[in-house]
Amino acid sequence: VFSYLFLGGMFLHFRLWTADHGVVESASGLRNGAAHPTPNNAKSTANDSHEPIHLVYASDDSSLPGVETSIRSVMCHASEPVNFHYVGDTPLKSLPVVQYYNLTQVSEKYDLQQFTNPHERSEENVKGLNTNLANYARFAIDQLLPTESKAMWVDVDTVVRCDVVPLFRDTLSKSDKIIAAVPSSRIGPKGFKKSLHKKLKMRKGFNAGVYLVDLDRWRSQNITSEILMWAQRNKREFLYKLGSQGPMTLAFHDNFESLDPKWNSKVSHVDDPEKRDDAENACLLHWSGPNKPWHEGGIHKDLW
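Residues numbered from 1 in each chain as written. Predicted model: local features only at pLDDT ≥ 70, side-chain atom pairs only at ≥ 80, totals over all residues. Heavy atoms only, no water.

## What about the state of the cysteines?
Taken as a whole and judged by the stated rule, the model has one disulfide. Between the sulfur atoms of Cys162 and its disulfide mate Cys283 the distance is 2.1 Å. The sign of the S-S torsion, about -75 degrees, decides the handedness of the disulfide formed by Cys162 and Cys283: left-handed. Here Cys162 is found in the loop between β6 (158-160) and α5 (164-170), whereas its partner Cys283 is found in the loop between α10 (276-280) and β11 (284-286), with 121 residues between them in sequence. Residue Cys162 is classed as partly exposed on the basis of its relative accessible area, which comes to 22%. (Disulfide = S-S within 2.5 Å. Helix = DSSP H or I, 4+ residues; strand = E, 2+ residues; numbered from the N terminus. Buried < 20%, exposed > 50% of the residue type's maximum accessible area, 1.4 Å probe, protein only.)

Shown next as structure tokens:
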């Protein structure tokens, strides 16, 4: 344990040293913080054992406790250094090694407003979620990380309990898929216009709260434009009631690599006798829904 902490401290010192000595550049004036000291002309391959690990988070200040907890949980289990990227209102002062991107500037530069959903959800406890710009920062990852080949999006209401490094390295390395996510347990994705289900023959969905993305394939196939097309169409006519999940599902359908369900397990499964073992052995617990553990009255604070 002492050796691990010592090596971790040395790496943290090196990351801060490189930032102070100009090794890390600030791209497009949007980001601030430490980054992986990779040469500008370097480009990693999908199954390269030295491929840098990139995890991306986004939120407004109301979810800062969740962001910090999730990042620390990844750090606690990671067998190699991980590069963290956070799009938000303010930098994470307690985690200076996290690469920070100002949410307002990212939103303006990449026009995140065009992805938002004007159809308000009926549930009182999730109102405003469809217009929260942080929810749509995921659609700018390919531009925020222009020289990287792969990234992992992680919702802020999560706790990671396993090493993400093997998952990151192995996923999407043996397939031609663009994203990898945990399949939905229900038949057909939820939150869509019923006639759309039949027309598009959607049988399998996925949860967009945690996924890995091959950024090279995303760029070459112009996925952002396809997602924008669906988002714009949804503004003209009701297609889906959710936020970022809707256009991603329409863009990919069931064309994704399946992750082991242990990498996105709802924390509420702890209360289900049939699913309790799966939740207790999960590599990633997800507090999907309104009752976040940092809120008063939040659920399963003991696991957070």
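On we go.
## As for the packing of aromatic side chains
Within this structure, the stated rule accounts for six aromatic pairs. Pairing Tyr136 with Phe139 gives two aromatic rings, centres 6.3 Å apart and planes at 45 degrees, and the pair type is tilted. In this structure, Tyr136 and Phe139 share a single accessibility class: buried. Joined through ring pairs, the aromatic side chains of Phe115, Tyr136 and Phe139 make up one cluster. (Phe/Tyr/Trp six-rings, centres within 6.5 Å; stacked < 30°, edge-to-face > 60°.)

## Some thoughts on the side chain of Ser244
With respect to the element layout, Ser244 can be found in the loop between α8 (223-236) and α9 (245-252). A polar contact of 3.3 Å, which involves the side chain of Ser244, links it to the side chain of Arg138. Here Ser244 is in contact with Asn135, Tyr136, Arg138 and Phe139, once residues within four sequence places are set aside. (Polar contact = N/O pair within 3.5 Å; in protein donor to acceptor, adjacent residues only side chain to side chain. Contact = heavy atoms within 4.5 Å.)

## Looking at the pattern of salt bridges
Under the definition given, this model contains six salt bridges. Arg217 is the partner of Asp214 in a salt bridge, and the nearest nitrogen-oxygen pair spans 3.3 Å. (Salt bridge = Lys/Arg side-chain N within 4 Å of Asp/Glu carboxyl O.)

## Some words on the sheet that holds strand β10 (residues 265-266)
Read across the sheet, three strands follow the order β6-β11-β10 without closing on themselves; strand pairing throughout is mixed. Of all strands in the sheet, those bounded by a partner on one side alone are β6 and β10. Here β6 pairs with β11 via three bridges, running antiparallel. Residue pairing for β11: Thr158 is matched across the bridge by His286. (Pairing = 2+ DSSP bridges.)

## Some details on the nonpolar core
Note that soluble globular proteins tend to have their nonpolar side chains buried in a common cluster. Within the largest apolar cluster, 41 residues are counted, with the highest numbers of intra-cluster contacts made by Ile179, Trp218, Met248 and Phe252. Each residue touching Ile179, except ones within four places of it in the same chain, is listed here: Leu172, Phe206, Tyr211, Leu212, Val213, Trp218, Met248, Phe252, Phe256 and Glu257. Core analysis: the next-biggest nonpolar cluster, separate from the first, contains 33 residues, Ile53, Leu64, Ile71 and Trp294 among them. (Core = buried A, V, L, I, M, F, W, Y, C linked by side-chain atoms within 4.5 Å.)

## Remarks on the packing of α8 against α9
Interhelical geometry of α8 versus α9 gives an angle of 120 degrees and a closest axis separation of 9 Å. It follows that α8 is oblique to α9 by the angle criterion. In this structure, the crossing between α8 and α9 has a hand that is right-handed. Here Ile223, Glu226, Ile227, Trp230 and Ala231 of α8 come into contact with α9, specifically with Pro247, Met248, Leu250, Ala251 and Phe252. (Axes fitted to C-alpha atoms, helices over the stretch in contact; angles between N-to-C directions. Parallel < 35°, antiparallel > 145°, perpendicular 65-115°, else oblique. Left-handed = near helix turned anticlockwise from the far one by under 90°.)

## Let's talk about the confidence of the model for the chain
Within the chain, residue pLDDT values average 82, and 76% of them lie at 70 or more. Contacts of residues 33-46 to residues separated by more than four positions or lying in other chains number 35 contacts, the stretch itself having pLDDT below 50. (pLDDT = per-residue confidence, 0-100.)

## Focus on unusual backbone geometry
The backbone phi angle of Asn222 is positive, close to 55 degrees, even though this residue is not glycine. Note on placement: Asn222 falls in the loop between α7 (215-220) and α8. Among the residues examined, Asn222 registers a relative accessible area of 45% and is labelled partly exposed. The residue His253 is not glycine, and still its phi comes out positive at about 55 degrees. Mapped onto the elements, His253 comes out in the loop between α9 and β9 (257-258).

## Overview of the pairing of strand β7 (residues 179-183)
Counting buried residues in β7 gives four out of five residues, a clear majority hidden from the surface. Direction of pairing for β7 relative to strand β8 (residues 206-214): antiparallel, over a ladder of four bridges. By the bridge assignment for β8, Ala181 is matched with Tyr211. For β7 and β9, the ladder comprises two bridges, and the chain directions are parallel.

## Some words on the environment of Ile179
Looking at where Ile179 falls in the secondary structure, it is placed in strand β7. For Ile179 and Met152, which are 27 residues apart along the polypeptide, the C-alpha to C-alpha distance reads 9.4 Å.

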